[in-house]
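# Observations on chain architecture
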Amino acid sequence: MPAPAQFLKFVDAHEEDFIQRLAKAVEIPSVSGDPAHREDVFRMASFLESQLKSYGVETKSVPLGTHKLEGKELQLPPAILGRIGNDKGKKTVLIYGHFDVQPAELSDGWSHPPFKLTRDDATGRLYGRGSSDDKGPVLGWVNVLHAHKALNIPLPVNLRFCFEGMEETGSEGLDELIISEAQKGEQGWFGGVDCVCISDNYWLNTRTPCLTYGLRGITYFKVMISGPAKDLHSGVFGRMVHEPMTDLVLLMSKLVDVNGNILIPGVDEMVQSPTEEERALYDSLDYSIQDVEESAGGKIALATDKASVLMGRMRSPSLSLHGIEGAFYGAGGKTVIPAKVSGKFSIRLVPPQTPDNVNPLVVKYLNAEFKKLNSKNTLTIEELHGGKPWVEDHNHWNYEAAKRATLEIYKQTPDLTREGGSIPVTLTFAEALRVNVLLLPMGRGDDGAHSTNEKLDKSNYIEGTKLLGTYLYEVAAGQ
Ligand SMILES: C[C@H](N)C(=O)N[C@@H](Cc1c[nH]cn1)C(=O)O
Ligand SMILES: [Zn+2]
Ligand SMILES: [Zn+2]
């Protein structure tokens, strides 16, 4: 059942309103990983809740307790639950999304202030942190509600919402809420849910919409090396003492090689090699080495054939080094020996890997390699956060509905992809509610999520809003 023409027309006619809505959201710097922005994450929760309420959604702001971040005890942002429609004759769809964002500073290399939506009318791009990940898609659902309320047409399905403000920092507290709501059955906020839809990833390229049936998990580590009681003068102490930064760089260099092979014994080995049949699946996707190099902004692909490059992201684990806290990074040439430095790295996980079976291998290896350095400094290992990988059955009516919706809006058959990123609670929804979960992305592969100059193309925002609405009509139409 295609969406009514008046809905599609309304979306086109109200693109300015929808862009203004996105502009308001981008202006709230809801960075979950920075204690200084915690109030902003709360502000963003209130903004979203009021938007939902104004279109007739019954909402509940659920406190999730406290947690420790950067040594500070902080209140976790609330989860925003919502429901609209309770017609037993209709299917019930649960929508998940997140309203927190990754950090962003103009000094990172942004061309425009990251927390101001900047339009480039020549290219149709809407720049700003969170435009694609994940404020644009979340507001896409709000736009669908707005259109139905304004047109006074009933939604084709009952909707339930679960929006969180900690996705970029490990989704703390949300698993427990989902499990406890699921246990309440019909009485809970997720009672009667038939399927889940998440719009929080990206097309593989810039031209072909996709449906996503897998996500990598993640395990995130902070390794701290300390020794001196304070920063030291390298002219005074150089070659007299063990230097924490030297130890850390040596240790981090033992984690991964230049070709992306993970050097921690047992980690890569946990994953089965692909069959020829599986390789062919990756070969059939609309992708090229040029796509990865264009979206990365450099000719740096690890392989020359597209199947290998795609498998690197979709069905292999990867280890990335993210940063060193405590190191000197300012302008000029400060001759300092930093007293305490912390290296941050994460491993993206694929089945059968989980933080539980990978973390002991990482800790054992780090300790053994540090011992080999014979340093008198001290190593401390912290596991910051983690999430399991997820793979879904894409031969399901939920995916069929999304496929028909994509054909209607984009006149294209969507690619079927596995995403290299992680959304920790996806598997929790699948296991706790025992229903099919679909990832239906709005943005393109070159949106630059987590990067500088993150953007969402206006056409993806507007056609994406139509896609989300049309998907609901196709779910209602059934198999
Ligand atoms: C795919 C999703 N939009 C996303 O960006 N997820 C993050 C989740 C995360 C985990 N640790 C920190 N953030 C990601 O994959 O990095
Ligand atoms: Zn996201
Ligand atoms: Zn993200």
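Residues numbered from 1 in each chain as written. Chains lettered and ligands numbered in written order. Predicted model: local features only at pLDDT ≥ 70, side-chain atom pairs only at ≥ 80, totals over all residues. Heavy atoms only, no water.

### Quick look at unusual backbone geometry
Which entries qualify depends on this criterion: The numbering of helices and of strands both runs from the N terminus, where a helix is a DSSP run of H or I of at least 4 residues and a strand a run of E of at least 2. Only protein chains enter the calculation, and the probe is 1.4 Å; a residue is then buried if its accessible area is under 20% of its type maximum, exposed if over 50%, and partly exposed in between.
Residue Asp134 follows Asp133 across a cis peptide bond; omega there is 5°. The topology assignment puts Asp134 in helix 4 (residues 131–151). Cis peptide bonds are those with omega within 30 degrees of zero, and the linkage from Pro351 to Pro352 qualifies with 5°. Backbone geometry at His450 places phi at a positive 70°, although glycine is not the residue there. Within the secondary structure, His450 sits in the loop between strand 19 (436–439) and strand 20 (455–457). For His450, a relative accessible area of 38% corresponds to the partly exposed category.

### Comments concerning the UniProt feature "active site" (unreviewed entry) in the protein
How we decide: UniProt positions are given in the numbering used here, feature names are shortened, and annotations may be inferred rather than shown by experiment. What makes two residues a contact is simply this: any of their non-hydrogen atoms within 4.5 Å. Polar contact criterion, stated in full: a pair of N or O atoms within 3.5 Å, where within protein one must be able to donate a hydrogen and the other to accept it, and residues adjacent in sequence count only if both atoms are side-chain atoms.
Within the UniProt annotation, "active site" (unreviewed entry) is assigned to Asp100 and Glu167. With the annotated positions falling across 68 residues, the maximum pairwise C-alpha distance of 6.8 Å places them together in a single cluster. Among the secondary structure elements, Asp100 is positioned in the loop between strand 5 (92–98) and strand 6 (118–120). You can call Asp100 buried: its relative accessible area is 0%. Not counting residues up to four positions away in its chain, the partners in contact with Asp100 are Ser30, Ser32, Val41, Asp133, Glu164, Gly165, Met166, Glu167, Glu168 and Thr169. Side chain to side chain, Asp100 and Ser32 meet in a polar contact 2.7 Å long.

### A word on the side chain of Arg129
The residue Arg129 is located in the loop between strand 7 (125–127) and helix 4 in this model. Given the relative accessible area of 2%, Arg129 is considered buried. Polar contacts involving the side chain of Arg129 include one to the main-chain carbonyl oxygen of Gln102, which spans 3.1 Å. Here Arg129 is in contact with Val26, Val101, Gln102, Pro103, Ala104, Trp110, Pro114, Phe115, Gly448, His450, Ser451 and Glu454, once residues within four sequence places are set aside.

### Some remarks on the environment of Pro228
As for its placement among the helices and strands, Pro228 is situated in the loop between strand 11 (217–226) and strand 12 (232–233). Beyond its immediate stretch of four places on either side in the chain, Pro228 contacts Pro244, Ala339 and Asn377.

### Side note on the coordination of the zinc ion (ligand 3)
Where a metal carries four tetrahedral donors, each ideal angle is 109.5 degrees; where it carries six octahedral donors, the ideal angles are 90 or 180 degrees. Rules: The rule for donors is simple: N, O or S, within 2.8 Å of the metal, or within 3.2 Å if the metal is Na, K or Ca. Water isn't counted, so a site may look like it is missing partners.
Protein-derived coordination of the zinc ion (ligand 3) comes from Asp133 (OD), Glu168 (OE), Glu168 (OE) and His450 (NE2), at a distance range of 1.9 to 2.7 Å. Counting along the primary sequence, the residues that act as donors to the zinc ion (ligand 3) give the motif D-x34-E-x281-H. A spacing of 3.4 Å is found between the zinc ion (ligand 3) and the zinc ion (ligand 2), which share Asp133 as a donor. With Glu168 in the loop between strand 8 (158–164) and helix 5 (174–183) and His450 in the loop between strand 19 and strand 20, this residue pair connects regions lying 282 residues apart in the sequence. A relative accessible area of 13% places Glu168 in the buried class.

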